[in-house]
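Inside the fold
Here's the letter readout for the chains.
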Amino acid sequence: RNGIEKPQGYKVSFHYNADVESHHFGKTHPMKPWRLMLSKQLIVGYGLQYAMECYQSLPATRQELARFHTDRYLDFLGIVNPLNMEDWKAERDRFGFGDDCPVFDGMWDYVSLYGGASLQAARTLMSHEADIAINWSGGLHHAKKSAASGFCYVNDIVLAIQEMLRHHARVLYVDIDVHHGDGVEQAFWSTDRVCTLSYHKYDPEVFFPGTGGADETGPPHSRDEGAHHALNVPLDDGIDDEQYGDLFRRITGAVIDAFDPGAIVLQCGADSLGGDRLGRFNLNIKAHGACVAFVKSRCHDRPLLILGGGGYTPRNVARTWCHETALAVGAELRGTLPAHIPYRQAFMGEDNGAGLLYPELHNIEGKRHQNRHSPAGLARLVENVLTQLRYVRG
Ligand code: ZLS
Ligand code: CA
Ligand code: ZN
């Protein structure tokens with residue numbers, strides 16, 4: 001009745017602390033932590049909490065954050081607030097704060113909460129208490145060791161991977177956010193123990209962060225440690241379900257086979273969906289979810305860490321991450337949204353009233369982008385990564 005069919009024997013853990021929801025980047029800022037509340041409402045509305053182990057996560061400590069971030073950056077992050085920030089103008093610029101990464105009330109609490117949730121998720125996997133661990137509040141892939149960038153203040157992904165490297169020789173990072181996963185790529189640039197694979201919109205002049213070209217593969221010389229272990233799939237506007245799915249399966253499948261990681265981290269940024277406020281792709285929820293299902297199907301007995309990321313049309317973010325939580329636990333959800341969830345109105349879409357009296361889980365509305373991909377261009381992208389993989393050994 002609650003939509004749960006039968007579990008497939010995967011132990012799934014869910015890591016969350018509802019205190020993240022209440023933080024605000026500012027009224028006009030596209031990053032809205034309350035999208036996490038909306039996601040959680042859907043997940044609970046479908047009863048998925050009964051199919052996983054739900055952990056109340058704790059904030060990461062300063063010592064934990066310092067495993068990746070510098071002391072000087074953390075000092076500033078801990079000290080600055082909207083009232084005193086005028087006194088810290090030079091540091092503010094140096095550490096990447098500004099319109100994208102504003103100083104806001106409760107910033108330290110917010111960043112330590114999403115960081116703590118990813119660390120707890122990684123540890124739960126490493127102690128074999130779960131096969132798949134989920135943190136939708138994480139996936140903030142742009143943060144650098146000494147700087148905030150692109151709405152990201154601490155890099156929970158790097159912290160989680162560092163934890164996993166204590167137990168596994170090789171970790172694979174896959175990133176389906178519409179933006180390039182530059183912070184994670186940079187953190188593990190000089191090691192062949194982490195392979196980073198990002199799919200993203202690439203247009204260095206106009207689209208953030210401007211990195212992630214096909215020839216950005218790692219340190220320059222083949223004998224340098226980490227050479228060839230950064231993999232990038234630069235894409236253009238409007239890629240559709242079929243094109244993306246085909247590309248994703250061929251490339252990600254080949255990377256898993258070649259690199260043979262001991263554990264996998266999947267960043268599921270929902271800004272690669274059609275109709276996203278900042279995105280450029282045309283993916284539907286089922287195609288986005290098919291990436292999660294594909295990675296899960298290739299994990300066999302490797303632990304899988306599933307993280308959130310971007311996603312700027314909150315009702316679509318919540319739908320996607322609810323659908324993907326169901327894929328993780330192996331549940332089939334009925335298409336009509338539960339009737340009794342709080343904030344059900346939020347799922348009604350922009351044009352309230354006509355037609356959408358019974359909103360669907362798997363449908364998204366919103367403007368689509370013109371598809372700028374050709375079969376030949378996509379084939380070249382696959383060839384390019386497969387060529388690079390000749391240098392990658394598990
Ligand atoms: O991957 O494009 C940029 C940088 C700028 C243009 C925007 N201005 C404000 C700063 C300089 C070149 N930044 C991107 C960052 C995208 C981060 C994606 C994060 C992730 O999804 C992972 C979580 C960007 N795109 C759109 C905006 N910033 C943006 C749009 C609207 C606003 C409001 C608030 C702030 C200023 C006005 C803002 C940023
Ligand atoms: Ca990406
Ligand atoms: Zn993004």
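This structure is a prediction, so every number in the text was calculated from the model and none was measured.

Take the site of ligand 1 next. For ligand 1, the set of nearby residues contains 19 residues, the closest of which are D100, H141, H142, D271 and Y312. D271 places a side-chain nitrogen or oxygen 3.0 Å from an oxygen atom of ligand 1. In the environment of ligand 1, an oxygen atom lies 2.5 Å from a nitrogen or oxygen atom belonging to the side chain of Y312. Summarising the interface, the protein chains cover 67% of the accessible area of ligand 1, which totals 770 Å² for the free molecule.

What follows is about the coordination of the zinc ion (ligand 3). Within the protein, D177 (OD), H179 (ND1) and D271 (OD) serve as the donor atoms for the zinc ion (ligand 3), at 1.9 to 2.0 Å. Along the chain, the residues donating to the zinc ion (ligand 3) fall in the pattern D-x1-H-x91-D. Residue H179 is found in the loop between β4 (171–175) and α7 (182–187), and its partner D271 is found in the loop between β7 (263–267) and α9 (285–297); the two are separated by 92 residues along the sequence. Taken individually, H179 and D271 each receive the classification buried, so the pair is uniform in this respect.

Running from N to C, helix α8 (residues 241–259) and α9 point in directions that differ by 15°, and their axes come no closer than 10 Å. Between α8 and α9, the angle is such that the two are roughly parallel. Helix-helix and strand crossings are classified by hand; for α8 and α9 the assignment is right-handed. Two secondary-structure elements touch here, α8 through D241, Y244, F248, R249, T252 and G253 and α9 through A287, C291, F294 and V295.

A word on the pairing of strand β2 (residues 53–56). As defined by bridge partners, strand β1 (residues 12–16) adjoins β2 across four bridges and the pair is classed as parallel. Bridge pairing in β2 places Y16 opposite Q56. In this fold, the crossover linking β1 to β2 by way of helix α1 (residues 34–45) has right-handed handedness.

The calcium ion (ligand 2) binds to the protein through D175 (O), D175 (OD), D177 (O), H179 (O), S198 (OG) and Y199 (O); the donor distances cover 2.5 to 3.1 Å. In this structure, the calcium ion (ligand 2) is surrounded by six donor atoms whose angles at the metal cover 68 to 166°, and the resulting shape is irregular. Each donor residue of the calcium ion (ligand 2) belongs to the same chain, and together they define the spacing D-x1-D-x1-H-x18-S-Y. One end of the pair, H179, is in the loop between β4 and α7; the other, Y199, is in strand β5 (residues 194–201), with 20 residues separating them in the sequence.

Here we come to the sheet that holds strand β6 (residues 230–235). The strand order across the open sheet formed by eight strands is β2-β1-β3-β8-β7-β4-β5-β6, and the pairing between neighbours is parallel. A single partner strand is all that each edge strand has here, and the edge strands are β2 and β6. Shown here is a sheet whose adjacent strand axes are inclined to one another by a mean of 15°, direction ignored. Pairing analysis gives four bridges linking strand β3 (residues 132–135) to strand β8 (residues 304–307), with the strands arranged parallel. Its bridge partner lying in β8, I132 is registered against L304. The sheet contacts of α9 involve β3, β7 and β8, and relative to β7 the element is tilted by about 180°.

Cut-offs applied
- Residues numbered from 1 in each chain as written.
- Chains lettered and ligands numbered in written order.
- Predicted model: local features only at pLDDT ≥ 70, side-chain atom pairs only at ≥ 80, totals over all residues.
- Heavy atoms only, no water.
- Near = heavy atom within 4 Å.
- Polar contact = N/O pair within 3.5 Å; in protein donor to acceptor, adjacent residues only side chain to side chain.
- Areas by Shrake-Rupley, 256 points an atom, 1.4 Å probe, with all protein chains shown as cover.
- Donors = N, O, S within 2.8 Å, 3.2 Å for Na, K, Ca; no water.
- Helix = DSSP H or I, 4+ residues; strand = E, 2+ residues; numbered from the N terminus.
- Buried < 20%, exposed > 50% of the residue type's maximum accessible area, 1.4 Å probe, protein only.
- Axes fitted to C-alpha atoms, helices over the stretch in contact; angles between N-to-C directions.
- Parallel < 35°, antiparallel > 145°, perpendicular 65-115°, else oblique.
- Left-handed = near helix turned anticlockwise from the far one by under 90°.
- Contact = heavy atoms within 4.5 Å.
- Pairing = 2+ DSSP bridges.
- Right-handed = clockwise from strand over helix to strand, strands pointing away.
- Tetrahedral: all angles 85-135°; square planar, octahedral: opposite > 155°, others 65-115°.

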